[in-house]
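An overview of the molecular structure
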Amino acid sequence: MKAFSALACILSFMQVVTASIPDKIYGVNLGSWLVLESWMLPAEWQAMGGQQCDDCSQCIATEFAYAQAFPNTVDANFDQHWSTWFTQDDVNQLAAAGINTVRIPLGYWIVEALVDRQTEFYPRGGLSQLKRGLSQLKAVGIQAILDHHGLPGVQTANQQFTGRCTSDVEFYTETNYHRALIWTAVMATLSHLDSDFGSVFAIEAVNEPIMNAQQTPGYGDFQNNFVRVVRAIEIIMGIPVPGNALSTPITTSNFTAAITTAINTNFNDYFNDEVRSALQDSIPILEGLANQLNIPAIFDFHLSSAPLNSSPGKQLLTTNFMDVNWQYNNPANPASVALGSQGYDNHLYYSFGGVADANEDAYLSSICNLQRVQQDASQGDSPLWFGEWALSTQFSASDDFLVKWADAQKLAYSQGQGWIFWNFKTETSTQAGDLGRQWSYLEGLQRGYLTQNPSQLNNPSVCDPYR
Ligand SMILES: *[C@@H]1O[C@H](CO)[C@@H](O)[C@H](O)[C@H]1NC(C)=O
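Just so it is clear, the structure is predicted and the values come from calculations on it, not from any experiment. (Residues numbered from 1 in each chain as written. Predicted model: local features only at pLDDT ≥ 70, side-chain atom pairs only at ≥ 80, totals over all residues. Heavy atoms only, no water.)

**A closer look at the packing of aromatic side chains**
Summed over all chains, the structure comprises 42 aromatic pairs. Relative to Trp-419, the ring of Trp-389 has its centre 5.5 Å away and its plane inclined at 85°; by these criteria the two rings are edge-to-face. Of this pair, Trp-389 sits in the loop between strand S7 (384-388) and helix H13 (399-413) while Trp-419 sits in strand S8 (residues 418-421), and the two are 30 residues apart along the sequence. The exposure class assigned to Trp-389 is buried, which follows from its relative accessible area of 0%. For Trp-419, a relative accessible area of 0% gives the class buried. Taken together, Tyr-26, Phe-386, Trp-389, Tyr-413, Trp-419, Phe-421 and Tyr-441 form an aromatic cluster joined through their ring pairs. Positioned above the aromatic ring of Trp-85, the side-chain terminus of Lys-425 is 4.4 Å from the ring centre. (Phe/Tyr/Trp six-rings, centres within 6.5 Å; stacked < 30°, edge-to-face > 60°. Helix = DSSP H or I, 4+ residues; strand = E, 2+ residues; numbered from the N terminus. Buried < 20%, exposed > 50% of the residue type's maximum accessible area, 1.4 Å probe, protein only. Lys NZ or Arg CZ within 6 Å of the ring centre and 35° of its normal.)

Structure representation (structure tokens):
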């Protein structure tokens, strides 16, 4: 009986604690779900009416090109994709595999009001699917990172993962930074006020910006504003932010009204014009979503499942950036703008070249001596996790090698906060061929490259010969 009441007590306590960074991240990306990358599902894409071509800007290879080509069917066809690419069955398999974290790539267009429908074309309806998926993940205790993966204006040239293949990169401009900040305000609000978002512990500002920092003017200011938008939302909710408090308490429980009050009475000391303007512009969008998706807590935030002003209450979200060493040419260091919990992300793929010679020994000796965690930590970029990696290689890899390759990468990335594999799955089809062997976590698990318990290795001494 005593044990029972202790358990009941723990359970009720757990309901009010928002997710925080796992002690060690064992994760997968939910890639090609809400940002579709057609190379990962060639047969489905073709069946939908999409195309493949060498220069992805020249055919229907992305969401943008598809929505432009098929304005009348795009929403229904994408809804079908969203419903089938990531399902309850996938959630169950990930939970059974001991996965504790997912990183969810998202486009700016999931906040539909941000899309200029005269010049920009994307499917509608993704947010309901995100809510559905997050609630399924929450039910099995898997935590989530909301990853801003396709930025307004496109953050890097000719990549399917931005949602639009183009050489015209316009993200690094005032207008598009502003739209990304509004997106951030909306996602931070939903993360705290919509119970479906209860497993979200982090929001990542920008997936894979251009590496040459000379081509990303203003990105440092954007990083600063990103952190401050998230924290402003949290201060309004009464969640303690280091060094920041409201001089005048907020009396309304209508969250969008509370933003206005804070902007007009409290925020001048802490938050610059751009942050306040992004908050202001998020108000009508939040009101629209509250009505459309039935999120009453936006109008009465005391309804939110967690008590906002009490302890144990909601925790700060973790603000998340690609690490400083992602870029070169004197990049801004996101560590310099941290305010409360912040985490850093690096992506490491050997298969695209430039990391190690294309042979087994070179790969293993490179990964077994990886210094990235230490280098980042010396610049304040800690905790660091590896938010994308795979078993892909530039050479034809044997099964024996892939066992070592999986072990050695997991070992290296676990020196930091952990790892998030790209991807949770790929399509199984004739067109996809062997794709899943080196790109699908669930297939790698079946094949025995990856271990059933993600914290373990097939051979913990895999790196000994290379050190
Ligand atoms: C909440 O406040 C906004 C002003 O920001 C107002 O437009 C809206 O009608 C209010 N909603 C409710 C349900 O009180």
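**A few points about helix H7 (residues 174-193)**
For H7, with 20 residues, the first-to-last C-alpha span of 29 Å sits near the 28 Å given by 1.5 Å per residue. Where burial is concerned, most of H7 is hidden: 18 out of the 20 residues are buried. (Expected span 1.5 Å × (residues − 1).)

**Things to note about the pattern of salt bridges**
Under the definition given, this model contains 13 salt bridges. When the shortest N-O distance is used, the salt bridge between Arg-103 and Glu-388 registers 3.0 Å. Linking Arg-103 in strand S2 (residues 101-107) with Glu-388 in strand S7, this pair joins segments that are 285 residues apart in sequence. Accessibility classification places Arg-103 together with Glu-388 in one group, the buried group. Of the charged contacts in the structure, one is a salt bridge between Arg-447 and Glu-443, with a shortest N-O distance of 2.9 Å. Of this pair, Arg-447 and Glu-443 are both found in helix H15 (residues 441-447), four residues apart, which corresponds to roughly one turn of the helix. For Arg-447, a relative accessible area of 37% gives the class partly exposed. (Salt bridge = Lys/Arg side-chain N within 4 Å of Asp/Glu carboxyl O.)

**With respect to the site of the ligand**
Around the ligand, the neighbouring residues are Asn-254, Thr-256, Ala-257, Glu-287 and Phe-299. Take Asn-254: an N or O atom from its side chain is 2.4 Å from an oxygen atom of the ligand. Thr-256 is positioned with one of its side-chain polar atoms (N or O) 3.3 Å from an oxygen atom of the ligand. In the shell around the ligand, the residues fall into two nonpolar, two polar and one charged. (Near = heavy atom within 4 Å. Polar contact = N/O pair within 3.5 Å; in protein donor to acceptor, adjacent residues only side chain to side chain. Nonpolar A, V, L, I, M, F, W, Y, C, P; charged D, E, K, R; others polar.)

**Here we look at the pairing of S8**
Strand residues, when the strand is regular, have side chains that alternate between the two faces of the sheet. Residues of S8 alternate between two faces, with Gly-418 and Ile-420 on one and Trp-419 and Phe-421 on the opposite face, all of them buried. Both strand S1 (residues 25-29) and S8 contribute to a ladder of four bridges, which runs parallel. Counted as the bridge partner of Gly-27 is Ile-420 from S8. The pairing of S7 with S8 spans two bridges and is classified as parallel. (Pairing = 2+ DSSP bridges.)

**A look at the packing of H7 against helix H10 (residues 273-292)**
Packing of H7 against H10 leaves a shortest axis separation of 8 Å and a crossing angle of 55°. As the angle between them shows, H7 and H10 are arranged oblique. In the packing of H7 onto H10, the handedness of the crossing is right-handed. In this structure, H7 uses His-178, Leu-181, Ile-182, Ala-185, Val-186, Thr-189 and Leu-190 to contact H10, whose residues at the interface are Glu-274, Ser-277, Ala-278, Leu-279, Asp-281, Ser-282, Ile-285, Leu-286 and Leu-289. Here the residues of the contact of H7 with H10 are counted per class, giving ten nonpolar, four polar and two charged. (Axes fitted to C-alpha atoms, helices over the stretch in contact; angles between N-to-C directions. Parallel < 35°, antiparallel > 145°, perpendicular 65-115°, else oblique. Left-handed = near helix turned anticlockwise from the far one by under 90°. Contact = heavy atoms within 4.5 Å.)

**Some remarks on the side chain of His-178**
Note on placement: His-178 falls in helix H7. Among all residues touching His-178, those that are not within four sequence positions of it are Glu-274, Ser-277, Ala-278 and Asp-281.

**Considering the packing of helix H8 (residues 219-237) against helix H9 (residues 255-265)**
The interhelical angle for the contact between H8 and H9, taken along N-to-C directions, is 105°, at an axis separation of 10 Å. Judged on the interaxial angle alone, H9 and H8 are roughly perpendicular. On H9, the residues touching Ile-233, Ile-236 and Met-237 of H8 are Phe-255, Ala-258, Ile-259 and Ala-262. Within the contact of H8 with H9, the residues separate by chemical class into seven nonpolar, no polar and no charged.

Read these as spatial facts, not as claims about activity.
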